[in-house]
Amino acid sequence: MTMMMASTSLFCSTHFIPTPTITRSTPSLHTFASYTPHKPCKRGFPLPAVASVPYQPINFDYLKEEFSGHGVTFEGVGENCIAKMELKNGSIVTMMLPSGLITSYKAPMWHGGKVELLHTTVSEGEDGDALIQGGVSLNFKFQTDDGELSWSPTNWVIHKIHGNAEESIQVELTNRTSDGKIGLKYIVTLEEDSLNSELEISNKKSLPLQMTGSILSHLTVSSPEATYAIGLEGSSYCSKPLFDSEFMLSPSDSDQEEGFGKIFQQLFPDWGTKSQNNGSESSQRNNEEIYEEMVEEMDNYKQLSEKLSLVYTDAPRNFTVIDRGRRNSVSVGRKGFDEMYLFSPGSRVEIYSKYSYICVGQAAILKPIKLSPEDLWKCGQYIHNPNLDA
């Protein structure tokens, strides 16, 4: 297979002809549709899970009986399950349950072929189980003002499925705290030219809530060297890493040994403590320091060849990612969130390698989202495939 190296001028055509990506197939992983193995599992393919996350077992027979149809099929993997959404036009999405991780989005192109738009890796975790990272994931933390509650949603349950394989498929997942006071709806919609991830969050508590986190998407590219973010000129940003996420895929090297979680604690040392006054004062000081570091984006065609981890506070609601190596483009949009996170591992990685991706997050990182009692807040991310038009 011939690899295409990046050229030196911006690809201007509205029609992009993707070059084939390099993938490796393993019979035990065929249901993932697209992945990049980077550390072989010694025990074949055990339960896909994230270490320390207590997922509840899934009743696979119930899912097949209650929700099959509408263009959705289910396949059991250990105590977990894969839900596959497939449209007649060739668009295919696979999602892991109960984690809610979207591992694959294959989108049809104008020339009749299909291209994988998401980047997912499978490796061996600390306990020998399969560790899956990348794709589209939800990474949120909720906390009450008094610090008594700290909760991150992990176990998602299918509530409804709408639509059909001809036009669009919508899968609605739910999650809530043990007392039912914080409720979430996660609505994943596959349309002929887009994948939409939307959230509805309700606060039934008598106290306000603070929410931080993001809808995090790993977009597969030939190489960050050949990838450009189009339309960010004039936006303000600062260089800050995202807080810890078990699904975040990032190169481990000397300047990232502490990981995103510890770096986040350095930025927000009082987050999660019960000292409300001290935490508020410290958070205010940190926010002031962060906004003082803001700079203006000067490049409307931002090449992502450098290693970067940026939070944009006033980026446009939609922008475009162009991959000249695969001659492909993707539009990314958001709703509700004021911030956008952009991560690139840099061009030091090999073309079509484990780190051939860029990461986009629709986020609340610098400034938490506040939900008053009885509030309902909606947000979302939209990945649009503009390559169907001939």
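Rules used throughout
- Residues numbered from 1 in each chain as written.
- Predicted model: local features only at pLDDT ≥ 70, side-chain atom pairs only at ≥ 80, totals over all residues.
- Heavy atoms only, no water.
- Helix = DSSP H or I, 4+ residues; strand = E, 2+ residues; numbered from the N terminus.
- Buried < 20%, exposed > 50% of the residue type's maximum accessible area, 1.4 Å probe, protein only.
- Contact = heavy atoms within 4.5 Å.
- Pairing = 2+ DSSP bridges.
- Axes fitted to C-alpha atoms, helices over the stretch in contact; angles between N-to-C directions.
- Polar contact = N/O pair within 3.5 Å; in protein donor to acceptor, adjacent residues only side chain to side chain.
- Phe/Tyr/Trp six-rings, centres within 6.5 Å; stacked < 30°, edge-to-face > 60°.
- Lys NZ or Arg CZ within 6 Å of the ring centre and 35° of its normal.
- Patch = residues over 30% accessible without salt bridge, like charges linked within 9 Å, V, L, I, M, F, W, Y side chains within 5 Å.
- Areas by Shrake-Rupley, 256 points an atom, 1.4 Å probe, with all protein chains shown as cover.
- Salt bridge = Lys/Arg side-chain N within 4 Å of Asp/Glu carboxyl O.
- Lys, Arg positive; Asp, Glu negative; His and termini not counted.
- Charge placed at Lys NZ, Arg CZ, Asp CG, Glu CD.
- pLDDT = per-residue confidence, 0-100.

Caption draft 1: Quick peek at the overall build of the chain. Across its full length, the chain carries three helices and 25 strands. Here the chain, with 390 residues, has 55% of them falling under the buried criterion. A separation threshold of at least 6 residues defines the contact pool for the chain, and within that pool the share at least 24 residues apart is 69%.

Caption draft 2: Highlighting the sheet that holds strand β13 (residues 182-191). Strand order in this open sheet of nine strands is β11-β12-β13-β14-β25-β22-β21-β16-β19, and the pairing throughout is antiparallel. Edge positions in the sheet fall to β11 (157-163) and β19 (301-303), since each of these pairs with one other strand and no more. Adjacent strand axes in the sheet meet at a mean angle of 20 degrees, parallel and antiparallel pairs treated alike. Strand direction decides the pairing type here: strand β12 (residues 169-176) and β13, joined by eight bridges, are antiparallel.

Caption draft 3: Examining the side chain of serine 222 more closely. By the element assignment, serine 222 lies in the loop between β15 (209-220) and β16 (227-230). Judged by relative accessible area, which is 0%, serine 222 ranks as buried. A polar side-chain atom of serine 222 sits 2.8 Å from a polar atom in the side chain of aspartate 323.

Caption draft 4: View of the packing of aromatic side chains. Inspection of the entire model under this criterion finds seven aromatic pairs. Through a chain of ring-to-ring contacts, three or more aromatic side chains come together here, namely Phe140, Phe337 and Trp377. Positioned above the aromatic ring of tyrosine 237, the side-chain terminus of lysine 302 is 5.5 Å from the ring centre.

Caption draft 5: Broad picture of a negative patch on the surface. Where like charges cluster on the molecular surface, the negative patch consists of Glu166, Glu167, Glu191 and Glu192. Examined against the element boundaries, glutamate 191 turns out to sit in strand β13.

Caption draft 6: Structural detail: the pattern of salt bridges. Considering all chains together, one arrives at seven salt bridges under this definition. A salt bridge links lysine 84 to glutamate 86, with the shortest nitrogen-to-oxygen separation between them at 3.9 Å. By relative accessible area, which is 32% here, lysine 84 ends up partly exposed.

Caption draft 7: Spotlight on the pairing of strand β17 (residues 236-239). Sheet topology note: the β17/strand β18 (residues 295-296) ladder contains two bridges and is antiparallel. When the sheet's bridge partners are listed, serine 236 is paired in β18 with glutamate 296.

Caption draft 8: Spatial organisation of the environment of serine 168. Position of serine 168 relative to the elements: it lies in the loop between β11 and β12. Here serine 168 falls in the partly exposed class, since its relative accessible area comes to 25%. Remark: the alpha-carbon pair of serine 168 and glycine 71, spanning 97 residues in sequence, is separated by 8.7 Å. Residues within four places of serine 168 in sequence aside, it is in contact with Leu87, His162, Gly163, Leu190 and Glu191.

Caption draft 9: Representation of the confidence of the model for the chain within the structure. For the chain, the mean per-residue pLDDT works out to 77, and 72% of the residues sit at or above 70. Least confident of the elements in the chain is helix α2 (residues 259-267), whose mean pLDDT is 38; most confident is β13, at 97. Here residues 1-54 scores under 50 on pLDDT; set against residues more than four positions off or in separate chains, the count is 129 contacts. Low confidence marks residues 253-285, where pLDDT is under 50. Its contacts with residues over four positions away, or in another chain, come to 47 contacts.

Caption draft 10: Main features of the pairing of β12. Most of β12 is tucked away: six of the eight residues are buried. Relative to β12, β11 runs antiparallel, the two sharing six bridges. Paired with isoleucine 161 across the strands is valine 171, a residue of β12. Remark: five residues form the turn of the hairpin made by β11 and β12, two consecutive strands paired antiparallel. Following β12, the chain reverses through five residues before pairing antiparallel with β13; glycine 180 in that reversal takes a positive phi of roughly 75 degrees.

Caption draft 11: View of unusual backbone geometry. Of note, the bond from leucine 97 into proline 98 is cis; its omega dihedral lies within 30 degrees of zero at 15 degrees. Position of proline 98 among the secondary structure elements: in the loop between β4 (92-97) and β5 (102-108). Non-glycine residue glutamate 374 carries a positive phi angle of around 70 degrees. Assignment of secondary structure puts glutamate 374 in the loop between β24 (357-371) and β25 (376-384).

Caption draft 12: Broad picture of the environment of isoleucine 132. With respect to the element layout, isoleucine 132 can be found in strand β8 (residues 130-134). Along the chain, isoleucine 132 and phenylalanine 247 lie 115 residues apart, while their C-alpha atoms are 6.9 Å from each other.

Caption draft 13: Quick look at the environment of glycine 213. Of note, glycine 213 is situated in strand β15. Of the residues examined, glycine 213 reaches a relative accessible area of 0% and is grouped as buried. With 32 residues separating them in the primary sequence, glycine 213 and serine 245 have C-alpha atoms 9.2 Å apart.

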